[in-house]
Structures are given as C-alpha cells and as structure tokens.
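Geometric and topological summary
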Amino acid sequence: MEHQGDSSSSRTNAQHSKKARRTMGHTVQVAVATLNQWAMDFEGNVERILLSIRLAAANGATYRTGPELEVSGYSCEDHFHEPDTYMHCWEALVEIIQSPCCPPGMLIDVGMPVQHRNVAYNCRVAFHNGRVVLIRPKMTMCDDGNYRETRWFSPWTKERQTEEYQLPRFAAQALGQETAPIGDAVIATLDTCLGYEICEELWNPRSKHIDMSLAGVEIIVNGSGSYMQLRKAHITADLIRNASYKAGGAYLFSNMRGCDGQRVYFNGCSAIALNGSIIARGRQFALSEVEVTVGSFDLHDIRAYRGALRSRSSVAASAPAYPRVQLQLELAASDRDHPGTPASSPLGEWVYHRPEEEIALGPACWLWDYLRRSGQGGFFLPLSGGVDSSSTAIIVHSMCRLVVEAIGQGDRQVRDDCRKILADPEYVPASAAELCGRLLFTCYMGTENSSRETRQRAAALAAQIGSSHQDIGIDGAVSALLGIFQLATGMRPRFRAAGGCPRQNLALQNIQARTRMVLAYLFAQLMLWVRQRPGGLLVLGSANVDEALRGYMTKYDCSSADVNPIGGISKMDLRRFLAYAQVEFGLPIVAEIVAAPPTAELEPLVDGAIAQTDEEDMGLTYQELSEFGRLRKQAFCGPFSMFCKLAAAAVADGNRSPREVADRVKHFFRCYAINRHKMTVLTPSYHAESYSPDDNRFDHRPFLYRANWTWQFRAIDAELELLAKHQARLEEERAKDGAAAGGGVAPNGAGSSSEPAFFAAGGNGGGGHMTTATSAYQLVRQSSGLYLTGVGGGGGGGVGTGGADGPGQLTVGLTKSHSSGGYSRMHSSVLGKIKDRTGVPV
C-alpha cells in the first residue's frame, strides 16, 4: 500500500507537471508608478502608493515598482538624520503591506530609508504576500548638481553579500517576521529573476545592471528621483534604452513627478524598455498625482536576444553569482488565467518636448504643486511689460490651462485642489482665462520714469491671459522716503542726468525697486481680503538666471519674492518661450514684448523715450552671459581658462581680438565677484538651467571675493602678451607672402566687426553661437541652437508675424540697437547696476 501510494503520488505529480508545462505562460505584465510625493507627508504618500498598487492590480500586473524614497518623499534632506523619519517609514510600510489593496501573489517594492546597524541606507524594500522578502540598499550615491546623498546615506559596499536585518519590534510583531535579508541580492521567482538598480547606479560608469544581467537577471528595476533640466529628458531615455540593448532583458524605470518641497521639479518619464526598445512610457509633465504605466513582455524574447549575443554568453558563463531570494511565485501569467495577454511592441521614436515647451509645462506644474500645498489663494506679480515678468505671467496662464484641461478630463484631485485654493466648494473653471482672473493678480507699478509703451504692454498682456490687473503710481511713496532722507541729512540725491554721481544715481534706482517689493507684499496680503476671500497670495519673482549670474538686480527689490518660476531660465530661452506662447496660447501682444529692448526703466526718460537698456548697463549681452555661465559652471572655468577658451575661438573666427575677449572676461568676473553676495538671498527659483548660480545648494562658492582677481587677471595679461607676439609673427609672415605675390594683405583683425565678442560676425547678440570646437558650450550643450530664425542672423527686425521655420515657431530677432550691448560704454559704466556695493573697487 505504501509503495502503491508513492506510485500514485508520482503519477499525480507527473500529471500536474505536464499540465503546468501546458498552461505556464511566459508573458509578464509589470507596472511602474509615477508618483507626486511630498517630503514628510507620510499619510499622503501612503495613499498615493496604495492607489498605484490598486491601479497596477486592476491592469493585470503581477509586479509593481515605484520611485526612489517614495514612502518618505525624496527631499527630506536633514530629516533623514532624525530617527523619527525611519520609524514613520516602517509604520507606513506596515500599513501598506497589510492593506487590502495589495492583492495576494503580487510582488511589490517601495523606496524608503532604512537604518541597519546604525548606518542609514537608501533602499528598495520588496514584499510579497505580507512578508518583506528583500531590502536592497543603494550602492552608488549621487552628490552632483542638486544632490547631496552622502550627507544622509552611506553606500552599501559589500558586493553580492547579504546580512540579516532585524525589523523594528512593532513591525516584526505586526508582520509576524523577525528578520529579512538586506544587501546586494536578487529575487528569483519560479519563472524569472529580478534585480535592482537605484537611480545613480544607472548613470554610473560601473552600472549594476551589467553584472546582474550576466548573472541571469532578466528584469532590472530602477526607482529614481531624477529632476528636470532643460534639454535633459533624452539622456534618461537613452540610458534606459541602451541598458536593455547592451545587456538584454527588461528595464523598468520609475521616477517621481512634481515639487516635493524643493526648487527642483521631478519630471516623471517612467518607462519600460525591452532589448533596446522602449515599449511603454509615462508622461513628462502632468498634474495627476498618480500615474501607472503598464507593459508586458515575453520572457522568451529576452532569452532569445541574449542567446544570440555570443560574446555576452561567453562572458556570462564565467560571471559570479548573486545571492538569490527564492519566491514561490510566477510573474508570467498562465495561458489559462490570462489567455489574451499580449506582449508589448516598441512604441517607436520617443518624441521630446522642445525647450520652449518644457518652459511652458515644467514651471507651470511646479507652481501648481507649490500653490496647492502652500495653503495660499493665488499669486501676485509685479508686471512691468518686459520679457521676464511677462514670461512669469504666461507661465501662470499655462498652469491655468493645465488645470482646466485636467478637470475637463475628470481629474477629481485637481478639481478638489482648485476648489480648496479658491475657497469655493462648487467651482468649476469655465476657461483658463477665467481661472487666471481668480488666481493671478498683476500690477503695473509705474513711476515718472516709466514709459507709456511698457504700461500699455502690461495691460494688454493681462487682458489677453485674463489676470486681475491694476495700474498704480508709486512716485508718492518714493518721494516720501526721499523726504525722510532729506529731513535727516539735509541732502537730496539726484539722477545722473541731473548732475548726480553714480552713487546717487544707483540709490535713486534702488529705492524705486525696493518700494515695489514692499508694495507687492502689501497687495499680496490684502487683495483677497478686498475680494472677500480667505488667505493671501504668493508673491512671484521674475529675475532670470543670467541676471542672477551677473548680479544685475537690486538686493531685496521686486526680484525678492516667495518663489520665482523663471529664476533658472536664461533670457534667450525666455524669448524663445514667448515666441512659442504667442502662437500656442494666442497672445498677439507678445510680439511687441519680445521686440522691445530690455530695460528696468529706473532712470528719467528722454523726450518720453527710455534712456536706459539692460545690456548697455551690464556691459554684456544676454547671449554672452549664457556663454560665460556655462563655461564657469559646466566647464569649471576660472578667469584664466575661460579667457583661453574664448580667445582661441575669437582668433579662429577672426571676429574679435584677444584683448577684447580679455576685457569682457575680466568685466564679467569683476561683476560676478561684487554681486555674488546677492545669491545668499536669491528668491527660491525653479531649477531649470545647468549653469544656475543658486547659492542654496546648486552652486557652492563663496559670496565674498577679492573683486580685482589679481593673480588670475595677471595670468590673463601674460597670456595676452604671448598671443600678441604670436599674432605679430603671423602678420609679418603674411606681409612677406603678400609682397612676394605682388599684392597687399590686410593684417588679421583689421576692420574687425563691432559685434559682441565670441560670436560669428553675422550674429547680433541675440542668439549666435561660438563657431569653434574649442567652445565648452558646444561640448556640454550640443543641441543649443535657437529654434527661431532671425535670432543670431544678420538681419535686424523685431518679432516677425509672418516668418516661421516650423509649426508654431516664429521669426524673432532684435535690431542691432537693441542688442549690441553698448560695449563702448562698458568701462565708463563698469558699475552698471551693481547696487548696494558701490564702494567696492573694480
């Protein structure tokens, strides 16, 4: 009987095995979540994680992953030093694991910080059927750009090793589990194998997916916290695609979205790649808090792809193994359970947003998160009618368009947030302009130095976007302040045009700008009271990244605000954005705004016309500032190396002498040094540009400098002497060659152009580029050409209304008088608008 029983059992097992072979599938359905988390918002973060799990299960996924540090939020920063943070993360994890939203059989992992043996790690925590199965710590930290991960976390350094992690007592009791493996391991199911990279490990030269794929891992999972910069989206997509192309297999990338409490905007773009092709992807910009991207793939396709790579197979045969956590789980759906599950096909070419679209969408989404989470009732913006403040206003208008679109598509979260902000429980926006009228309050704060044209442009733009607009005069407030000074000192300052010295002239400009800041906060606090609505308004700043770099702003003036959506965007990109918005949003006044010369209008008018332009005051064009900024930050150039790179370009192009280049470089670094202190109080700005001078964390440099850069400038002068000697020899040789040929040859540099330095002779300062391989700008920003014809071209002209070089693109250009930069006045006005530090020698 016993023998018969064994025989019967064997036959039964064999029948089950044959049946399993017939019904076992090989198509895996997975889900990557894009979440808009908020640092330290454990309740909200848990709700969003659970919603993503429900959506993944509803779409038939057997595996769900999410972004980096999704339980706590990425930007907790020094809260990661607090034991409370780790305790609350485990409390949240227990609630997630025990939630009925987690279906039996689904493999799930979340990102959270974990302390093991008094060391903090950034981890993925995987669980299945109510049990933690693996804690995988991050092995490569990120410390560049805005990241400072080693301030809070340590890398796991024990490759292919695990240890036992003792769960906190309350978690162990709740889950009925004392320990879980922690370390560099992978998860093996009955049908495949899964391993982890975490964010920076994909970007690092020694990416972990290579070793794991050689060890037989077929699914690589990456939870990331990757923030948006202009022109960056393709880099992440290329890394994901190339990782799966070189190693073979599936690559699952999950990223955060939104503002979780910092200056950066996490831009989503979660994706699934298979064998070198993107088969599913999420959106880059959106207001939705939870987005789940589902993809399916055939495990046989992975094995066939890898098997055909013979060199890979040879290396894999000797690859060291990883510790494997074995799970009694099939990720692939059986034919019986899901007979219609298709394997995904490649999506085709990834379409990227152009920079002007990124400006329209990224800051708008960031502002929406900031507004709804700040508890305020809208925005207040001093609107001058210039490029910068107009760009800020239009970004808010773009935000309103996104809100209206999301509500129209049935997004209840956006609708409820909108009603909460406006304190109207029944509100449904009729249009973007109507919503803008409730959320955005603009004000033209004019003085006797303001022109009629800027006042009209501000009013016209406000009418076209729908903002609630006012036009006020502030001369009375300025006169009152000057009266106090005169009463105290017996002296009254005068403008330069009236015989005043530079200090008097700057003081009179500054008092206007600072008065606007005081009035902006007064109106922001009381305008909703006037409208009989609760709350206050957030004051928006509108200083661009180039002006911050140069210090071309008054400390604590109207550039001082609560947040600044354009503080990380260059003037050139803002012009490009405005041209896009003119067509895309239907704003005809933008043509006049872009065509007008940038001016602060802080000095007296001459016959009713402006007598002051920004580029003339700065002694540099905005295009040159962008160039200097990239060389300083991206190429890590000090004064000497910057001069060497630019002088080589100027000599090669023949449109500038090295002496002129040296003057410009010295002028830039003098101004940078004198004004660097202003970065310590820079309004928190949306991070968008890789050469941002933001002192908060992106650009850690001193704020007190020796402004004459004695040693560095002496090195430039020595190099100039060498270049001059070399140039003299070349001219002598050319003269001899010309005499031998019987003709005269003009010396190099004779009749040189009066255009700005470093740019092609045909450029007008509005968008030309350096034309030599020595340009670090070209090396680090390969696709930096303007999208608009006419900028950098030989012609002048304002904003063209008929010319275009593609759908939704305009011909934009500045006349030479608008963009020359006033080089001839550079030395006489070297202080320019270097306010507050006029006593510093330059």
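Residues numbered from 1 in each chain as written. Predicted model: local features only at pLDDT ≥ 70, side-chain atom pairs only at ≥ 80, totals over all residues. Heavy atoms only, no water.

What about the overall build of the protein?
Check the secondary structure of the protein and you find 26 helices and 22 strands. Look at the contacts in the protein between residues 6 or more apart in sequence, and 74% of them connect residues 24 or more apart. (Helix = DSSP H or I, 4+ residues; strand = E, 2+ residues; numbered from the N terminus. Contact = heavy atoms within 4.5 Å.)

Observations concerning the pattern of salt bridges
Taken as a whole and assessed by the stated rule, the structure comprises 37 salt bridges. Residues R231 and D573 are paired through a salt bridge, measuring 2.7 Å at the closest nitrogen-oxygen approach. With R231 in the loop between β10 (219-224) and α7 (233-247) and D573 in helix α18 (residues 571-584), this residue pair connects regions lying 342 residues apart in the sequence. Where R664 meets E624, a salt bridge forms, and the shortest distance between an N and an O atom there is 2.4 Å. Placement of R664 in helix α23 (residues 658-675) and of E624 in helix α21 (residues 622-633) is noted, with a sequence separation of 40 residues between them. Judged by relative accessible area, which is 1%, R664 ranks as buried. Take E624: its relative accessible area is 0%, and that puts it in the buried class. One continuous salt-bridge network, built from bridges that share partners, spans D41, R48, E289, D369, R372, R373 and D417. (Salt bridge = Lys/Arg side-chain N within 4 Å of Asp/Glu carboxyl O. Buried < 20%, exposed > 50% of the residue type's maximum accessible area, 1.4 Å probe, protein only.)

Let's talk about empty space enclosed by the protein
With the rule as written, the count across this model stands at eleven cavities of 30 Å³ or more. Roughly 680 Å³ of internal volume is contained in the largest cavity. Contributing to the lining of the largest cavity are 38 residues, with S384, S542, C558, T599 and A600 lying nearest its centre. Those elements that provide at least two residues to the lining of the largest cavity are α11 (387-408), β20 (440-446), α14 (452-465) and α16 (502-530). At four residues, the largest contribution of residues to the lining of the largest cavity is made by β20. Across the lining of the largest cavity, the residue classes tally to 17 nonpolar, eleven polar and ten charged. (1 Å grid on protein atoms, 1.4 Å probe; cavity = no way out; pocket = protein on both sides within 12 Å on 5 of 7 lines; lining within 4 Å. Points joined across faces, edges and corners; volume = space filled by probe spheres on them. Nonpolar A, V, L, I, M, F, W, Y, C, P; charged D, E, K, R; others polar.)

Thoughts on helix α15 (residues 475-489)
Spanning 15 residues, α15 covers 21 Å between terminal C-alpha atoms, matching the ideal 21 Å at 1.5 Å per step. G490 sits one or two positions beyond α15 and adopts a positive phi of about 80 degrees. (Expected span 1.5 Å × (residues − 1).)

Points about the side chain of N675
Inspection of the secondary structure puts N675 in helix α23. Side-chain polar atoms of N675 contact the side chain of K678, separated by 2.9 Å. (Polar contact = N/O pair within 3.5 Å; in protein donor to acceptor, adjacent residues only side chain to side chain.)

Observations concerning the packing of helix α10 (residues 355-374) against α11
One way to put it is that α10 packs onto α11 with a least axis distance of 8 Å and a crossing angle of 75 degrees. One finds that α10 runs roughly perpendicular with respect to α11. Across the interface between the two elements, I359, A360, L361, P363, A364, C365, L367, W368 and L371 from α10 touch I395, V396, S398, M399, L402 and V403 from α11. (Axes fitted to C-alpha atoms, helices over the stretch in contact; angles between N-to-C directions. Parallel < 35°, antiparallel > 145°, perpendicular 65-115°, else oblique.)

What to know about the pairing of strand β5 (residues 131-137)
With six of its seven residues buried, β5 lies for the most part within the structure. Both strand β4 (residues 119-128) and β5 contribute to a ladder of six bridges, which runs antiparallel. If you follow H128 over to β5, its bridge partner there is R131. In this antiparallel pair of consecutive strands, β4 and β5, the connection spans two residues, and N129 shows a positive phi of 50 degrees. (Pairing = 2+ DSSP bridges.)

Examining the sheet that holds strand β15 (residues 277-281)
Spatially, seven strands are ordered β15-β14-β11-β10-β9-β8-β17 in an open sheet, and the strand pairing comes out mixed. Two strands bound the open sheet, and with one partner strand each, they are β15 and β17 (324-326). Going across the sheet, the axis of each strand differs from the next one's by a mean of 25 degrees, ignoring polarity. Pairing between strand β8 (residues 186-188) and β17: three bridges, direction parallel.

Remarks on the nonpolar core
In terms of nonpolar packing, the biggest core is built from 61 residues, with L367, F379, I394, M399 and F577 touching the most fellow members. A per-element tally of this core places α11 first, with eleven residues. Shared between two domains, this core holds at least three residues of each, these being domain 1 (27-341) and domain 2 (357-597). Those residues in contact with L367, other than ones at most four positions away along the chain, are F379, I395, V396, M399, L540, V563 and P565. Counting residues in hydrophobic clusters, the runner-up holds 41 residues, among them A171, L175, A180 and V290. (Core = buried A, V, L, I, M, F, W, Y, C linked by side-chain atoms within 4.5 Å. Domains from an automatic or database assignment.)

Considering the sheet that holds β20
Spatially, β21-β20-β19-β22 is the arrangement adopted by the four strands of the open sheet, whose pairing is parallel. The open sheet terminates on both sides in strands that have one partner only, identified here as β21 (468-473) and β22 (538-539). Where α11 meets the sheet, its contacts fall on β19 (379-382) and β20, and the angle it forms with β19 comes to roughly 155 degrees.

Let's talk about the environment of E405
The residue E405 is located in helix α11 in this model. Separated by 118 residues in sequence, E405 and L287 have C-alpha atoms that sit 9.8 Å apart.

Some thoughts on the confidence of the model for the protein
Where the model shows low pLDDT, its predicted coordinates should not be examined in detail. For the protein, mean pLDDT is 83; residues scoring 70 or higher make up 83% of the total. Counting contacts from residues 1-23, a segment whose pLDDT is below 50, to residues more than four positions away or on other chains yields five contacts. The low-confidence segment residues 744-842, where pLDDT is below 50, has 244 contacts with residues more than four positions distant or belonging to other chains. (pLDDT = per-residue confidence, 0-100.)

Here's the deal with the packing of aromatic side chains
Counted according to the given criterion, the structure contains 15 aromatic pairs. Where Y74 meets Y147, the ring centres are 5.9 Å apart and the plane angle is 85 degrees; that geometry is what we call edge-to-face. With Y74 in the loop between β2 (63-65) and α3 (83-98) and Y147 in the loop between β5 and β6 (162-166), this pair connects stretches of sequence that are 73 residues apart. Overall, the relative accessible area of 11% leaves Y74 in the buried class. Here the aromatic residues Y74, Y147, Y227 and F266 are joined through ring pairs into a cluster of three or more. For R160, the ring lying beneath its charged end belongs to Y322, and the centroid distance is 4.6 Å. The ring of W711 is capped by R714, whose NZ or CZ atom sits 5.3 Å from the centre of that ring. (Phe/Tyr/Trp six-rings, centres within 6.5 Å; stacked < 30°, edge-to-face > 60°. Lys NZ or Arg CZ within 6 Å of the ring centre and 35° of its normal.)

What to know about the environment of A273
Examined against the element boundaries, A273 turns out to sit in strand β14 (residues 271-274). C-alpha of A273 to C-alpha of L252: the two residues are 21 residues apart in sequence and 6.6 Å apart in space.

Concerning α16
Over its 29 residues, α16 runs 41 Å from end to end, which matches the ideal 42 Å to within 8%, given 1.5 Å per residue. A524 marks where α16 bends most, by close to 30 degrees. Looking one or two residues past α16, Q532 carries a phi angle of roughly 60 degrees, positive in sign. (Bend = angle between axes of the 7 residues up to and from the residue.)

Re unusual backbone geometry
For M40, which is not glycine, the phi dihedral falls at a positive 70 degrees. By the secondary structure assignment, M40 is in the loop between β1 (27-35) and α2 (42-58). Take M40: its relative accessible area is 28%, and that puts it in the partly exposed class. At N129, a position not held by glycine, the phi torsion is positive, near 50 degrees.

Some remarks on the pairing of β15
Sheet topology places β14 next to β15; four bridges connect them, and they run antiparallel. Bridge pairing links A273 to I278 in β15. Linking two consecutive strands that pair antiparallel, namely β14 and β15, is a turn of two residues; a positive phi of about 50 degrees is found at N275 within it.

Notes on the environment of A609
The residue A609 is located in the loop between α19 (590-595) and α20 (614-618) in this model. For A609, a relative accessible area of 39% puts it in the partly exposed group. Each C-alpha atom, one on A609 and one on R452, is 8.9 Å from the other, the two residues being 157 residues apart in sequence.

Some words on the packing of α11 against α18
Contact geometry for α11 and α18: axes closest at 10 Å, N-to-C directions at 50 degrees. Our classification of the angle between α11 and α18 gives oblique. Crossing handedness for the pair α11 and α18: left-handed. In contact with V387, D388, S390, S391, I394, I395 and R401 of α11, α18 contributes K571, L574, R575, F577, L578, A581 and E584. In terms of residue class, the contact of α11 with α18 is built from seven nonpolar, two polar and five charged. (Left-handed = near helix turned anticlockwise from the far one by under 90°.)

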